[in-house]
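Observations on the model geometry
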Amino acid sequence: MSNFASKKTKEQNITKLLNSMTLAEKAGQMTQLTVEMISAYDGLSQDAKIELAVEKALLDSLLTEIQRLEAVLVEVSAFRTTHSTVLSLTVSTVTITDKTSVNLALSAYNNLSTSAKNALTTEKALLDSLLVEIVRQEAIQAEVSKFKTDHAYVLALTPSTVTISDSAKVTTALSAYTSLSASAKTILLPQKTLLDGLAVEITNQQAILQTLTNGKTTILAGVQSGKFTNLLLSEDTTAARLLAVKNAALLLVPNPNVTITVTYISPGNYNITLGYVGSNIQVTFPLTATFVFTQALQDKVDIEKAQKTITDYYTTYNLIVKDYNSNVKYDAFIAKTNYLLANQNVTMTVKSVIHRPGYNPSTFEITITKNTTKVTFIVNVTYAIKVN
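What you see as residue numbers is a count from 1 along each chain, following the sequence as written. Since the coordinates come from a predicted model, pLDDT governs what is reported: local features require at least 70, and pairs of side-chain atoms require 80 or more to be given and counted, while whole-chain, interface and lining totals use all residues. Side-chain numbers come from the whole structure's heavy atoms, not from hydrogens or water.

**Focus: the overall build of the protein chain**
- Under the DSSP-based scheme used, a helix requires at least four consecutive residues in state H or I and a strand at least two consecutive residues in state E, with every element numbered from the N terminus. Broken down by element type, the protein chain carries 15 helices and 10 strands.
- Buried residues in the protein chain amount to 29% of all 388 residues.
- By sequence separation, contacts in the protein chain at least 24 residues apart represent 58% of the contacts at least 6 residues apart.
- Counting every atom, the protein chain has about 23,400 Å² of accessible surface; 57% of that belongs to carbon and sulfur. For the exposure calls, accessible area comes from a 1.4 Å probe over protein chains only, and a residue counts as buried if that area is under 20% of its type's maximum, exposed if over 50%, partly exposed in between. What makes two residues a contact is simply this: any of their non-hydrogen atoms within 4.5 Å. Surface accessibility in these figures is a Shrake-Rupley result with a 1.4 Å probe; residues are shielded only by whichever protein chains are displayed.

**Observations regarding the side chain of Glu133**
- Here Glu133 is to be found in helix 8 (residues 121–150).
- Here Glu133 falls in the buried class, since its relative accessible area comes to 11%.
- The residues touching Glu133, leaving out its near neighbours within four places in the chain, are Val91 and Val94.

**Some details on the sheet that holds strand 9 (residues 373–381)**
- Two strands pair under a simple rule: DSSP has to find at least two bridges between them. Read across the sheet, 3 strands follow the order 7-8-9 without closing on themselves; strand pairing throughout is antiparallel. Each edge of the open sheet carries a strand with a single partner, namely strand 7 (347–354) and strand 9. The mean inter-strand angle of the sheet, taken between neighbouring strand axes irrespective of direction, is 20°.
- Looking at chain direction, strand 8 (residues 362–370) and strand 9 are connected through 9 bridges and run antiparallel. Bridge assignment links Phe364 to a residue of strand 9, and that residue is Val379.
- Its contacts with the sheet put helix 14 (residues 295–316) on strand 8 and strand 9, and the angle it makes with strand 9 is roughly 5°.
- In this description, a line fitted to the C-alpha atoms serves as the axis of each element, helices being fitted only across the stretch in contact, and the angle between N-to-C directions of two axes falls anywhere from 0 to 180 degrees. Helix 15 (residues 326–340) contacts strand 7, strand 8 and strand 9 of the sheet and is inclined by roughly 155° relative to strand 7.

**Section: unusual backbone geometry**
- The backbone phi angle of Asn230 is positive, close to 55°, even though this residue is not glycine.
- Its location among the elements puts Asn230 in the loop between helix 12 (189–224) and strand 1 (231–233).
- Owing to a relative accessible area of 45%, Asn230 belongs among the partly exposed residues under this scheme.

**Observations regarding the pairing of strand 2 (residues 258–266)**
- In this sheet, strand 3 (residues 269–276) lies alongside strand 2 in antiparallel orientation, the contact comprising 8 bridges. Among the inter-strand pairings, Ile260 is bridged to a residue of strand 3, identified as Leu274.
- Count of turn residues in the strand 2/strand 3 antiparallel hairpin: 2 residues, of which Gly268 carries a positive phi of about 85°.

**Looking at the side chain of Gln191**
- Along the chain, the position of Gln191 falls in helix 12.
- Discounting chain neighbours no more than four positions away, the residues touching Gln191 are Lys148 and Leu155.

**Topic: the environment of Leu209**
- You can see Leu209 is positioned in helix 12.
- Residues Leu209 and Gly275 lie 66 residues apart in sequence; the distance between their C-alpha atoms is 9.1 Å.
- Residues in contact with Leu209, not counting those within four places in the same chain, are Ile164, Ile281 and Val283.

**Concerning helix 12**
- Residue count minus one, scaled by 1.5 Å, sets the expected span of a helix. An ideal rise of 1.5 Å per residue puts 52 Å on 36 residues; helix 12 measures up with 53 Å between its terminal C-alpha atoms.
- Taken together, the buried positions of helix 12 are occupied by Gln191, Leu195, Leu198, Ile202, Gln205, Ile208, Leu212, Gly215, Ile219, Gly222 and Val223.
- Of the residues flanking the end of helix 12, it is Gly226, one or two places downstream, whose phi is positive at about 90°.

**Let's talk about the sheet that holds strand 2**
- Reading across the sheet, the 3 strands line up as 2-3-4 and stay open at both edges, with antiparallel pairing between neighbours. Only two strands of the sheet have a single neighbouring strand rather than two, namely strand 2 and strand 4 (282–288). Between one strand axis and the next, the sheet turns by 25° as a mean value, whatever way the strands run.
- Strands in contact with helix 12 are strand 2, strand 3 and strand 4; relative to strand 4, the strand with the most contacts, it is inclined by about 5°.
- Docked against the sheet, helix 13 (residues 238–252) engages strand 2, strand 3 and strand 4, running at close to 140° with respect to strand 2.

**Some points on the pairing of strand 8**
- Across the 9 residues that make up strand 8, a large majority, 7, are buried.
- Strand direction decides the pairing type here: strand 7 and strand 8, joined by 7 bridges, are antiparallel. Looking at strand 8, one finds that Val353 is bridged to Phe364.
- Here strand 8 folds back onto strand 9, and the loop between the two strands holds 2 residues, one of which, Asn371, carries a positive phi near 55°.

Fair warning: the whole summary comes from geometry, so function is off the table for now.
In structure tokens:
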């Protein structure tokens, strides 16, 4: 019984030793032993050889097995040499560009003998892991590509080109980003940074728009409360009216970052455009305004009107007199001029006069005065006799 146990233990040890040996080691050991045994067999007598015929047949089969193992070794070596580049890769270094090489190696492995496959189980496991990693990378690449394609419009924007109307697209892209895998998120960090910047810019623009809208509301309320009624003018020009409207609006919207531009549309009608320093956002709306003159300007306007009235009349008409006596001419001029200036709240004085004989014209130098404003000018008067 003890001999049987001892024999079994030896067999187990031998099996364990064989399992731990490489194919090359096994072939080497078998070759060495077989050569030694054949050499010993060759040295036997003919009778001994006949007696050991069974053992000789076993040695011959061992030689055949050695040749098979050597062929397997060649097959394994050729595989490792042919695919050395891909077999030097690891899961951390392989990329999608290595897919063809990995697939070629796997295809070549599938064509190997069973013994060669058994000798290359480590390499097969590596190739399988590389392919799994490549498939994972392809999935991530597809995920990244789809994100860039789906959100190409918004990803082409910059903080200087984005507008409030892009808000929904930016929000959608940011939401889509949160649903990506961790690896895709890492690859798309530059795009995430861009989207965050766009979102901040849109928020700023919305705040600016709200500021301008509030300004519009305030100004239109001012129109209703009379803030743009009877605005005082010191000169009678369109530029003065534009400035008066702008100044009235500035009093209602004193924010130094808000700019106000006034555009003339028609008498009393204007467009107000509110802007914001450093921004392209604008709010434009119409309003109406009325104006009054300062006393000095009103005096000037009244005097200019009086001067025009006198000049236009005497340029167009003859002064009718009963005769050409100088006093008659003078009195007729005074009477007609005072009549022309009636209700204009100005006074007229004659500084000098030159009469010419007969129906020839007279030259009057007169001064029109209102308060502290005055104008002196020359009037040439022609005459005609009144016909009864």
